[in-house]
Structure formats: C-alpha cells, structure tokens
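# Survey of secondary and tertiary structure
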Amino acid sequence: MLPPDFNPHTQSITLLYPDGSPITISLAEIDSWTQSSIRVISIFSTQVGACAVVLFLLFALTKPEKRKTPIFIFNAFSLSLVIIRSVLQICYFTGGWYGFFTFWAYYFDDLKRKDYAISIAATVMALLLHICIMVSLVLQVRVVYASNPRLNKIMTMLAMVVSLASVGFFFAVTVQVSVTIMKTESYVSKWVYPTSRGLLAGAISFFSCVFVVKLGMAIHQRKILGLEKWGPLQVIFVVGCQTLVVPAIFSILENVNSVSFDGMSSLTTFLVAISLPISSLWASASVTDKSTISPPYNSGSQNSGTSSRLMKSRNTCNNKVRFGSVSTGGQTLVEKKISRANHYEGDEEKAEGINVERVVDVDLLVREEGV
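Residues numbered from 1 in each chain as written. Predicted model: local features only at pLDDT ≥ 70, side-chain atom pairs only at ≥ 80, totals over all residues. Heavy atoms only, no water.

## Thoughts on the nonpolar core
To keep it simple, the criterion reads: Nonpolar cores were defined as sets of buried Ala, Val, Leu, Ile, Met, Phe, Trp, Tyr and Cys residues, with membership established by side-chain atoms within 4.5 Å. Working definition: with a 1.4 Å probe on protein chains only, accessible area under 20% of the residue-type maximum means buried, over 50% means exposed, and in between means partly exposed. The secondary structure listing takes helices from DSSP runs of H or I that are at least 4 residues long and strands from runs of E that are at least 2 residues long, numbered from the N terminus. In this analysis, two residues are considered to be in contact whenever any of their non-hydrogen atoms come within 4.5 Å of each other.
L79, I133, M134, V141, F207 and F270 are the most contacted members of the largest nonpolar core, which has 41 residues in total. Those elements that provide at least two residues to this core are α1 (27-61), α2 (70-93), α4 (113-144), α5 (149-182), α6 (192-225) and α8 (264-286). With ten residues, α4 is the largest single contributor of residues to this core. Setting aside residues no more than four positions away along its own chain, V141 makes contact with N152, M155, A159, F207 and V210. Of all hydrophobic cores here, the second largest spans twelve residues; its members include I25, I90, Y98 and A105.

## Observations regarding the packing of aromatic side chains
Any aromatic ring pair is given by two values, namely how distant the centres are and how the planes are angled relative to each other. To keep things clear, this is the line we draw: Stacked, tilted and edge-to-face are the three classes applied to pairs of Phe, Tyr and Trp rings, where Trp contributes its six-membered ring and a pair requires centres within 6.5 Å; stacked means planes under 30 degrees apart, edge-to-face means over 60, and tilted covers the rest.
Tallied over the full model, the rule gives 18 aromatic pairs. Among the aromatic side chains, those forming a connected cluster through ring pairs are W33, Y92, F93, Y98, F100, F103 and W104.

## A closer look at the environment of A203
Inspection of the secondary structure assignment puts A203 in helix α6. You can call A203 buried: its relative accessible area is 0%. With 69 residues separating them in the primary sequence, A203 and M134 have C-alpha atoms 8.2 Å apart. A203 has contacts with M134, V162 and S166, leaving out every residue within four places of it along the chain.

## Looking at a nonpolar patch on the surface
This is how the line gets drawn: Like charges are joined within 9 Å and nonpolar side chains (Val, Leu, Ile, Met, Phe, Trp, Tyr) within 5 Å, but only among residues with over 30% relative accessible area and no salt bridge; these make up the patches. Note that accessible areas follow from Shrake-Rupley with a 1.4 Å probe, and for residues the cover is restricted to the protein chains shown. Just to be clear on terms, a salt bridge is a Lys or Arg side-chain nitrogen sitting within 4 Å of an Asp or Glu carboxyl oxygen.
Taken together, the side chains of V53, F56, L57 and L61 make up a nonpolar region of the molecular surface, amounting to roughly 410 Å² of accessible area. Considering the arrangement of structural elements, one finds V53 in helix α1. By relative accessible area, V53 is classed as partly exposed at 48%.

## Details of unusual backbone geometry
Of note, Y106 is a non-glycine position whose phi angle comes to about 50 degrees, a positive value. By the element assignment, Y106 lies in the loop between α3 (100-105) and α4.

## Observations regarding α1
Where we set the bar: An expected span of 1.5 Å times one less than the residue number is assigned to each helix.
The first and last C-alpha atoms of α1 sit 51 Å apart over 35 residues, in line with the 51 Å expected at 1.5 Å per residue. Of the positions making up α1, those classed as buried are I30, W33, S36, S37, V40, I43, F44, Q47, C51, V54, L55 and L58.

## Here's the deal with the packing of α1 against α2
Stated precisely, the cut-off is as follows: Here the axes come from fitting lines to C-alpha atoms, over the contacting stretch only for helices, and the angles between their N-to-C directions go from 0 to 180 degrees. Angles are sorted into four bins: roughly parallel if under 35 degrees, roughly antiparallel if over 145, roughly perpendicular if 65 to 115, and oblique for all others. A crossing counts as left-handed when the near helix is turned anticlockwise from the far one by less than a right angle, and as right-handed when that turn is clockwise. Polar here means any residue outside two lists: the nonpolar Ala, Val, Leu, Ile, Met, Phe, Trp, Tyr, Cys and Pro, and the charged Asp, Glu, Lys and Arg; Gly therefore counts as polar.
It is at 9 Å that the axes of α1 and α2 come closest, and there the two elements cross at 155 degrees. Here α2 runs roughly antiparallel to α1, going by the angle between their axes. In terms of crossing hand, the pair formed by α1 and α2 is left-handed. Looking at the contact of α1 with α2 residue by residue, the class counts come to 18 nonpolar, seven polar and one charged.

## Description of the side chain of S196
Tracing the sequence through the fold places S196 in helix α6. S196 gets classed as buried once you look at its relative accessible area, which sits at 1%. In contact with S196, other than residues within four places in its own chain, are F169, F170 and V173.

## Description of the confidence of the model for the protein chain
Just so we agree on the cut-off: Known as pLDDT, the predictor's per-residue confidence is scaled from 0 to 100.
Here the protein chain averages 74 in pLDDT, and 66% of its residues register 70 or above. Within the model, pLDDT remains below 50 along residues 288-338, and this stretch shows 52 contacts once partners closer than five positions in the same chain are excluded. Between residues 343-371, whose pLDDT stays under 50, and residues either more than four places distant or in other chains, the model counts 70 contacts.

## Some remarks on the environment of G263
If you trace the backbone, G263 turns up in the loop between α7 (232-254) and α8. In this structure the C-alpha to C-alpha distance between G263 and R39, which are 224 residues apart in sequence, comes to 8.2 Å. In contact with G263, not counting residues within four places along its chain, are V40 and I43.

## A look at the pairing of strand β2 (residues 22-26)
As a reminder of what qualifies: A strand pair is defined by DSSP finding two or more bridges across the two strands.
Alignment of strand β1 (residues 12-16) against β2, held across five bridges, turns out to be antiparallel. Within β2, the position partnered with I13 by the bridge is I25. Between β1 and β2, which follow one another and run antiparallel, lie five residues, and G20 among them has a positive phi close to 95 degrees.

## Remarks on the environment of A105
Tracing the backbone shows A105 in helix α3. Ignoring anything within four residues of it in the chain, the contact list for A105 reads Y17 and I23.

## Concerning the packing of α2 against α4
The N-to-C vectors of α2 and α4 enclose an angle of 160 degrees; their axes lie 9 Å apart at closest approach. It follows that α2 is roughly antiparallel to α4 by the angle criterion. In this structure, α2 crosses over α4, and the sense of that crossing is left-handed. Of the residues in the contact of α2 with α4, the class split is 21 nonpolar, five polar and one charged.

In structure tokens:
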C-alpha cells in the first residue's frame, strides 16, 4: 500500500549503467530539466529569427556603396555570428550531449566526434562575436571623437585597453571551456568566468557612456544652431542609452543566482549585436527628412536663441544700424551660422548609424565668428 501523502509527481525512477549499477532520478528533477531546456531553446530560436530578419533588412535597406563600410561589415558579421552560435547551441540540446541517459548518468562513452565539434564550435563563435562587438564599439568611439584628433587618440587607446581586457578574459574562458568539453567534465570557474562577464558589462557601459555623453553634447549644440528635429544623432543617443542599460543589467543579473537562468548570458551580446544595425537603419531612414533646419531670422519672426540675442544686442548698441548690414562677405553672422549648420547637416546625412561623419561644435563656430 502507498502512503496517504504519496505524490506521483515526485516519485523516482531507476536507470541502470552498462555494468548493472543503478542510478535514481526523481520526476521533479526531470520536469525541471525539461522546462529548462525548452526555455533555452526558445531563447536561441528567438535570436535566430530576430537576427535573420534584421540581417535581411540591413542588406535590403542599405545602399550598395554603404555595404563596404567597416560599420556595415561588422554589423552584418555580428548578426551572422549570433545566428551561427544560436543554431549550434540548438544542435547541442538536440544532440548526443543532451540525451536523457547521457545527461543524467554522465555516460559519454558513446558520444560522437560531431558532438564535441558542435560544442567547441559554439564556444568559438561566442568568442568571435565578442571580438566583433568590441571592434565595432572601438570604431564607434573613433568616429564620435573624429573632430578632435588629440582626444580621438586618447579615447581610442583607452577603448582598446578596455576591449582587449574583455576579449583577453573571454579568450581564457573559451580555452577553459574547450578543454573541459574534450575531457567531458563540468566547467567550474571561481573567478575567470565571473571576471569575464563583469568586464563585458563594464566594457559595454564604458563605450556607451563615452559616445552617449559626446552625442548628447552634440544634440545640445544642434539645438542651439536650430537643428531641433530628430536626426541620426538623436537616434544614436537613444540606442546608445539602450545599449548601455539593458545588456549591462543582464550581465549583472547573470551573477545573481536568485534571478539568473540558463541562456541568460547570450542575451547580452545578442542585444548589443542587434541594437547596432537597428540604429544604423533608423538613422539612415531619419536623414530622409530634409526639414531639420529652423528658418532664418527675419523681422517678422519670433526666432529664439543666438539670432534673437544678437539682434537685441546690436539694436541696443546702435539703433540706426540694421542687423542685416553687419556682415562679413555679404552674410550676417546668423546667416553664416545657418549656412554652417546646413553644411554640417549635409554631412550628417552621410551618416550610417553610428558612423557620423562630422560633429557640430558650436564653440568652434562662436570662436570663428567672434561672437
């Protein structure tokens, strides 16, 4: 007779090794194992679908001449690596490693060479994806600070140090995991893997802070120049904030056992890889709006900002002199600034995502005009 409190969902089953020795497993453990594998496969399947769609749109909506730029190449390569890595991870869950008896009995004698190859290839793809993302972010920093050669060199060197540290530790993790796979052992790392994840979160936060702060200042300068509508800079600013916060949160939570789950570590690089090309497409689409310049000042308008302040100061100094007569080369100071703004706006239309050709510097304009 079964006891009154018998729960059939928690009963155990017994498996036998080839030598006849038994191994006991509870149904509750099997249920947890099944649900975990379904969740992880769902995560990687979603990544395959999302990256495939974005990769298709990236090629379909990008002009042929833009497809040769480094930003486009690394964006497309990152998306392709996410797809390959995710497919390999799905193959792991549907292959020999995740067979019922193999998993629970730790019996690896009948594993095939392709099972080892798939696992190691997935690890290497993750390393290549990590490298690709770091290179893309370094290029992003170089572009954002292109208007200041000296600062550009400093920021590039600092960015390379941060990226190399992150890549170096991730390379060490890749080697350790590959060796563990060949030895058919469980991978346990006391500090290398946690440090690698922490460096990845720190690197993403560092790069994003660098260009978000710089582009935020550029957006403020655009507003002073009268460029108030949304353009590529605003798009990059928004995506940069997202790239800063969301992946960093996942990287931090991954080290919290109470909230982490299998497959969570892949979401960090996935979000960064998919955000960069999306920002590129969004920014490229935003430059089709040509009406980003505020109209020039005229006597009947209520234009605020630099032109109105200059108008008031000139009228105060000399009421007999018209503002339009104070000019250099037939243009007023405000007209020259608007002309400069149009020039920068034209350059900005050449932008591809984070690959902004020039950065508007209001202080430089003010110094040149002597205002």
